[in-house]
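Descriptive structure summary
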Amino acid sequence: MSATAEPDPASLIEAYFERGWTDGLPVVPPTEKSVAEMLAGAGLRRDEILGEIPGRNTVVVAEKVAINAVLAGCRPEYMSVVAAAVRGLCHPDFAYHGPASSTGGSAMVLIVNGPLARRLGFNSGNNAFGQGWRPNATVGRAVRLAMMNVMQTRPGLLDRAALGNPGKYSFCFAENEDDHPWEPLHVARGLSPGQSAVTVYASNSLYQVYNQLAAEPEPLLRCFADALSNLGLPNVKGFNQALLVVAGEHAEVLRQSGWSRRQVQSFLVEHTRRRVADLKRAARLPGEVAPADETTWRYLFEKPDDILIVCAGGRAGSWSACLPGWGNKWTKAVTIAIGEMP
Amino acid sequence: MSSPLFDPTAAPVGREVTIAPRPGSLDGLRIGLVENTKFNSDKLLLRLAERLGRRHGMTVARMVRKRSPSHEVDEAAIDALRRQSDFVVSGIGD
C-alpha cells in the first residue's frame, strides 16, 4: 500500500491513472482481499521471487505481479498462468532486455496449452487473437502491466518501441489441441499432454496468410515462406525464429496430407529465402549487386525447430498467421510448465 | 473514509558498484571494446579506437563480442577486460 484515495470506484480508477500505473485503460482497483486471493490462486507467497533479470537489476516478486493481475481484471485461478509467463520472460534464453526494450516494439505472445487452458476457458477458436474472452484478455494484460510496473518496461524509458503494436496491450491465446494435425506445442517442446504450459514468444508483427485454393501443403506453405521472407522483415539478414498459427481449413489441409510437423518445418526451412540481389537492391544488405547475387540465396531459418507451429482459430475461413520472431535468435521462445519452477 | 491504493511498481534492486578511478592521463591507455553484434558496431568501435590511438597513443587490448545485443557480457569476458584494459567502450544502439 502506498497512498490513499477516495473510495468512490471512479476516483480510485482515476488515482491509478494519475500515478501512471495503467496501460491506458481503466484498471480494477485491488483490495487486500483480492491481492491475497490472487496469490492463493497460484499458491504463491507474497515474497516469492518469480524471476530475475540481472542486467536490469530486476527482481520480480509474486505480490507485485498479483497486484498487476488484479489491476488487469484476472480471476485468481488465472494467476498460475500469469506467474508461469513471467517466469518465462525471466528465463535466460528469453533474454528479456532486447525484446522488451527494442525499437522493434515486440508483443509478448503467450500461448497456453494443456488441461488448464480448457478448464479456465482460454479461447483457441474463432477470433483467437481478438477480443471477447476474459482469460485471453486479462492474462496477456497482466503480463504487460507487470512488465511496465515491475520490470521497468515503460514506454519512452526502457520500452523504446518506435511504433509498438496493439498486441502490446495483451496477446494471449490457447492452442486448439482437439483439431490438431499433430501433437500440441508444449508436447512438441518436451512436456507431457497432461501438463499445462505457457510459451512466451516475442514478435513485432503479425501477418495473416490467406489461401483458399491450396488443397495440398506445398502451395499453402509457399505462402507462409513468402510472408516470412519479405524485404521489410527485420530479421531478413540472419537466422530467425518464427511462429506459425495455422487455423481450421489450413490445419485440415495439413492433416489430410499426412505431412508430419517436421516435414512442414523442413519445407519452410528450404523455401523461406531471398536472393542476395533482392536484399542488396532493397538496401537490406550493403554493397553493389554482383552477377552471382542473382542466383545466390540467403536462407532465413537455420533448422526446422526454429519454426514453431501452433493450431488456433476458427474452423471456417482460409486464414492463418505468421509471426516473425524478434531478433536473429537473440531471444528464443520459452515454454514453462504451469505451476512448476523452470 | 479513504481506500488504499496498492502500488503495483517495483524499483530496480540497488547494488553497490565501485567506480574505477579516472586515469590521470589518456596517453597510452589500453582500450577494451565490447561489440554487441548490432550492424556496424564493430566498425564504429574500431574507428573510434583508431582515433583514440592517433590522438593519445592508445592501443586496443581486447575486443569482446556479446552473444547478442540482448545478452549481458559474460563473466569471463568481463574478467579479461578488467585484467587487460584500462577502460572499456561499449556499443552501439539503434
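In short, a report on the structure.

Each value, and the rule that gives it
Residues numbered from 1 in each chain as written. Chains lettered and ligands numbered in written order. Predicted model: local features only at pLDDT ≥ 70, side-chain atom pairs only at ≥ 80, totals over all residues. Heavy atoms only, no water. Axes fitted to C-alpha atoms, helices over the stretch in contact; angles between N-to-C directions. Helix = DSSP H or I, 4+ residues; strand = E, 2+ residues; numbered from the N terminus. Parallel < 35°, antiparallel > 145°, perpendicular 65-115°, else oblique. Left-handed = near helix turned anticlockwise from the far one by under 90°. Contact = heavy atoms within 4.5 Å. Nonpolar A, V, L, I, M, F, W, Y, C, P; charged D, E, K, R; others polar. Expected span 1.5 Å × (residues − 1). Buried < 20%, exposed > 50% of the residue type's maximum accessible area, 1.4 Å probe, protein only. Arc of directions from axis to C-beta. Core = buried A, V, L, I, M, F, W, Y, C linked by side-chain atoms within 4.5 Å. Pairing = 2+ DSSP bridges.

**Some remarks on the packing of helix 4 (residues 79-89) of chain A against helix 7 (residues 134-149) of chain A**
Residue and element names in this part refer to chain A.
- The interhelical angle for the contact between helix 4 and helix 7, taken along N-to-C directions, is 45 degrees, at an axis separation of 10 Å. Between helix 4 and helix 7, the angle falls in the class oblique. The two elements helix 4 and helix 7 meet at a crossing, and its hand is right-handed. Contacts between helix 4 and helix 7 involve Val 81, Val 82, Ala 85 and Leu 89 from the former and Val 139, Ala 142, Val 143 and Met 147 from the latter.
- Grouping the constituent residues of the contact of helix 4 with helix 7 by class yields eight nonpolar, no polar and no charged.

**Quick word on helix 1 (residues 41-56) of chain B**
All names here are of chain B.
- Helix length check: helix 1, at 16 residues, gives a terminal C-alpha distance of 22 Å against a target of 22 Å (1.5 Å per residue), a fit within 8%.
- Buried within helix 1 we find Ser 41, Leu 45, Ala 49 and Leu 52. Projection of helix 1 onto a plane perpendicular to its axis shows the buried side chains occupying an angular sector of 60 degrees, all on one side. Exposed residues lying more than 90 degrees from the buried face of helix 1 are Lys 43, Leu 44, Arg 47 and Arg 54.
- In this structure, the buried side of helix 1 is in contact with strand 2 (30-35), strand 3 (59-65) and strand 4 (87-91).
- Gly 57 occupies a position one or two residues after helix 1 and carries a positive phi of about 70 degrees.

**Some remarks on the environment of Ala 107 of chain A**
Residue and element names in this part refer to chain A.
- Assignment of secondary structure puts Ala 107 in strand 4 (residues 107-113).
- Separated by 58 residues in sequence, Ala 107 and Asn 165 have C-alpha atoms that sit 6.9 Å apart.
- Sequence-distant contacts of Ala 107, defined by excluding residues within four places in its chain, comprise Arg 144, Asn 165, Gly 167, Lys 168, Phe 171, Tyr 201, Ala 202 and Ser 203.

**A short note on the nonpolar core**
- With 62 residues, the main nonpolar core has Val 82, Leu 89, Val 112, Val 139 and Met 151 of chain A as its most contacted residues.
- In contact with Leu 89 of chain A, not counting residues within four places along its chain, are Phe 94, Tyr 96, Met 108, Val 143, Met 147, Met 151 and Val 200 of chain A.

**Concerning the sheet that holds strand 6 (residues 197-203) of chain A**
Residues and elements named next belong to chain A.
- Taking strand neighbours across the sheet as the criterion, the four strands line up as 5-4-6-13 in an open arrangement whose pairing is mixed. Every other strand in the sheet has two partners, leaving strand 5 (172-174) and strand 13 (334-337) as the edge strands with one partner each. When strand polarity is set aside, the average angle formed by the axes of neighbouring strands in this sheet is 20 degrees.
- Across four bridges, strand 6 lies against strand 13 in antiparallel orientation. The residue bridging Thr 199 from the neighbouring strand is Thr 335, located in strand 13.
- Where helix 7 meets the sheet, its contacts fall on strand 4 and strand 5, and the angle it forms with strand 4 comes to roughly 135 degrees.

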